[in-house]
Amino acid sequence: MFITDTAYLNAELMDVVRLFGAEDAGIVHTFRRDGENYINTVRSGEECRTYTDVWQAEGELALRRCAKRSAKLALYLFLSELTGKTFPWGALTGIRPTKMAYAELSEGRDFAPLFRKFCVSEENIAMIRRVLAAQGEIYRKNRGMGADLFVGLPFCPTKCEYCSFITAPMPAVQKYVGEYTDCVISELESLKGMDIKFNSVYIGGGTPFCLENEQLTRIYAAINALGTDGAEFTVEAGRPDTFTDEKLAACKEAGVTRICVNPQTFSDETLARIGRRHTAEQVIDAYHMAEKYGFDINIDLIAGLPGEDPGDFRNSLSIAVQLQPENITVHSLCLKSGSRLKERVSRIDGGEIDEMIAFSREMLTSAGYEPYYLYRQKYQAGANENTGWCRPGKACAYNIGTMEEICSNIAVGAGAISKRVFGGGSRIERLASPKDIPSYLAKCAAIIRERLKLFE
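It should be emphasised that the depicted structure is a prediction, and the values quoted were computed from it without experimental measurement.

Rules and cut-offs
Residues numbered from 1 in each chain as written. Predicted model: local features only at pLDDT ≥ 70, side-chain atom pairs only at ≥ 80, totals over all residues. Heavy atoms only, no water. Helix = DSSP H or I, 4+ residues; strand = E, 2+ residues; numbered from the N terminus. Rg over C-alpha atoms; globule rule 2.2 N^0.38 Å. Buried < 20%, exposed > 50% of the residue type's maximum accessible area, 1.4 Å probe, protein only. Contact = heavy atoms within 4.5 Å. Areas by Shrake-Rupley, 256 points an atom, 1.4 Å probe, with all protein chains shown as cover. Lys, Arg positive; Asp, Glu negative; His and termini not counted. Charge placed at Lys NZ, Arg CZ, Asp CG, Glu CD. Patch = residues over 30% accessible without salt bridge, like charges linked within 9 Å, V, L, I, M, F, W, Y side chains within 5 Å. Salt bridge = Lys/Arg side-chain N within 4 Å of Asp/Glu carboxyl O. Core = buried A, V, L, I, M, F, W, Y, C linked by side-chain atoms within 4.5 Å. Axes fitted to C-alpha atoms, helices over the stretch in contact; angles between N-to-C directions. Parallel < 35°, antiparallel > 145°, perpendicular 65-115°, else oblique. Nonpolar A, V, L, I, M, F, W, Y, C, P; charged D, E, K, R; others polar. Phe/Tyr/Trp six-rings, centres within 6.5 Å; stacked < 30°, edge-to-face > 60°. Lys NZ or Arg CZ within 6 Å of the ring centre and 35° of its normal. Pairing = 2+ DSSP bridges.

## With respect to the overall build of the protein chain
Now for step 1: The helix and strand tally for the protein chain stands at 16 helices and 17 strands.
Now for step 2: The C-alpha atoms of the protein chain give 23 Å as radius of gyration, which agrees with the globular expectation for 456 residues (23 Å, within 12%).
Now for step 3: Here the C-alpha coordinates of the protein chain stretch approximately 65 × 50 × 40 Å along the principal axes.
Now for step 4: By the burial criterion, 57% of the 456 residues in the protein chain qualify as buried.
Now for step 5: Excluding contacts between residues fewer than 6 apart, the proportion of contacts in the protein chain whose partners are at least 24 apart in sequence is 71%.
Now for step 6: Of the roughly 19,400 Å² of accessible surface on the protein chain, a fraction of 49% belongs to carbon and sulfur atoms.
Now for step 7: When the 54 positive and 60 negative side-chain charges of the protein chain are each reduced to one mean point, those points stand 5 Å apart.

## Notes on a nonpolar patch on the surface
Now for step 1: Where nonpolar side chains cluster on the molecular surface, the patch consists of Met 1, Ile 3 and Val 28 and spans about 250 Å² of accessible area.
Now for step 2: Among the structural elements, Val 28 can be located in strand β2 (residues 27-34).

## Focus on the nonpolar core
Now for step 1: Membership of the largest hydrophobic core comes to 141 residues, with the highest contact counts inside it found for Leu 188 and Ile 259.
Now for step 2: If you tally residues by element for this core, the top one is helix α2 (residues 60-83), at 10 residues.
Now for step 3: In contact with Ile 259, other than residues within four places in its own chain, are Val 235, Ala 237, Phe 243, Leu 248, Cys 251, Ala 290, Phe 295, Asp 296, Ile 297 and Asn 298.

## Concerning unusual backbone geometry
Now for step 1: Here the bond from Gly 205 into Gly 206 is cis, since omega is -5°, no more than 30 degrees from zero.
Now for step 2: Here Gly 206 shows up in the loop between β8 (198-204) and α8 (213-224).
Now for step 3: One non-glycine residue, Cys 119, lies in the positive phi region at around 65°.
Now for step 4: Relative to the helices and strands, Cys 119 resides in the loop between α4 (112-117) and α5 (122-142).

## Some thoughts on the packing of helix α7 (residues 177-189) against α8
Now for step 1: In contact at an axis separation of 9 Å, α7 and α8 are set at 10° when each is read in the N-to-C sense. Considering their axes alone, α7 and α8 lie roughly parallel with respect to each other. Listed contacts from α8 to Val 177, Gly 178, Thr 181, Asp 182, Val 184, Ile 185 and Leu 188 of α7 are Gln 215, Arg 218, Ile 219, Ala 222 and Ile 223.
Now for step 2: Partitioning the contact of α7 with α8 into residue classes produces seven nonpolar, three polar and two charged.

## Description of the packing of aromatic side chains
Now for step 1: Enumeration according to the criterion identifies 16 aromatic pairs in this entry.
Now for step 2: Members of the aromatic cluster, connected to one another through ring pairs, are Phe 20, Tyr 76 and Phe 87.
Now for step 3: Above the face of the Tyr 8 ring, Arg 64 is positioned so that its terminal group lies 4.0 Å from the ring centre.
Now for step 4: Sitting over the face of the ring of Phe 422, Arg 427 holds its NZ or CZ atom 3.8 Å from the ring centroid.

## Some remarks on the pairing of strand β11 (residues 296-303)
Now for step 1: Summarising burial for β11: eight of the eight residues are buried, a large majority.
Now for step 2: Side-chain alternation along β11 places Asp 296, Asn 298, Asp 300 and Ile 302 on one buried face and Ile 297, Ile 299, Leu 301 and Ala 303 on a second face that is also buried.
Now for step 3: As paired elements, strand β10 (residues 258-264) and β11 share five bridges and run parallel to each other. Across the sheet, Val 261 pairs through a bridge with Ile 299, a residue of β11.
Now for step 4: In this structure, β11 lies alongside strand β12 (residues 327-332), joined through six bridges in parallel fashion.

## Quick notes on the sheet that holds strand β1 (residues 2-4)
Now for step 1: With respect to topology, four strands assemble into an open sheet ordered β1-β2-β3-β4, the strand pairing being mixed. This sheet does not close on itself; its edge strands, each paired only once, are β1 and β4 (47-54). Here the strands of the sheet are splayed against their neighbours by 15° on average, with no regard to which way each runs.
Now for step 2: Relative to β4, strand β3 (residues 37-44) runs antiparallel, the two being bridged by eight bridges. Pairing of Ser 44 across the sheet is with Glu 47, part of β4.
Now for step 3: Of the strands in this sheet, β1, β2, β3 and β4 are in contact with α2, which crosses β3 at around 35°.

This is how it looks when you write it as structure tokens:
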């Protein structure tokens, strides 16, 4: 049980409670403010402590932001003292630590003192500095300029154990694919009247290569009709059992510059365990197949997959590095509602995942990669993070734009969320499409009207 006397703090504080696994600790929190003094009292059983710190803020939004920060820090300190546990990101539970760093820099302050106040490790502070340095040119060029385009194709051969996305196994939704393709194209065609320069295009999934080549080619043509020449163009092709030379050749002809091959692991046993129907050898074959067309290639891996130990992850990462892709993304396993894994596992021990993440930083740095974007999720094992690594000059503009929210994002497809960004991120207005495919199909015309209104 957790109780706070300030309703708008509840969600933020629950993130800290879950971090320590203290849902049953009977924690009671109270908050009050006396001028610039923010006073939090935390109680659990006979233990009761009061924490006072100073925050300067003007305006209701800023006052609430400071209240959330002070309360999270107080609760983190209380539970850390009570349990003897610490975490590498300290009391920071938000998904974008880099945005917090940029906010401090925009005020003419180094971000490190604020991160230290939140008990963030020196290693992670250094990691943020590396990310900001790698983002530099793209961040400066695209901040407040143009837009990114996202096209969601939520279809997969099977649904993985850990997956909480809206994706559905192709056999269950095959009957919708033709109409879905038509709706996506209608959405894209509706954008023709907008005077927007696209910085990047990203076709994500699911596994976009689940679609037939003719369907993909029609989508590519609708994208290119928007005048996307010169924009970075990524297709998250996905699983190797959907790769064909025909689809890769169509990508090349359409101007695709970047392909994602997403094995998550190079262990055949783990692939079978998580519901994949391909082998590690097929991943390597798909990689070399894509390599022939000259694409920049990203490989996704997950630290902490069911049944894997640090040795298994070390082997997968070693194979990925040997392939020498332009990008390698390392995710920490996340227990999300809606995944089959969540139904049978309530909590993951983060110790081994900490070791995997530490090893990935060491190996990828030694191999010449730099971290260029970083974000965190709720329910992430060990309170770690997801990090995109790149070779010099090969950072993905779409990933930087969408994670840092520096420019507008026009998103089409089921579950897609369009964002209109004002003032380089000072204000954001959103428009979400239905996640359910039949609902999306029924509301496609209305979505088009609402988006045109948002961006008029």
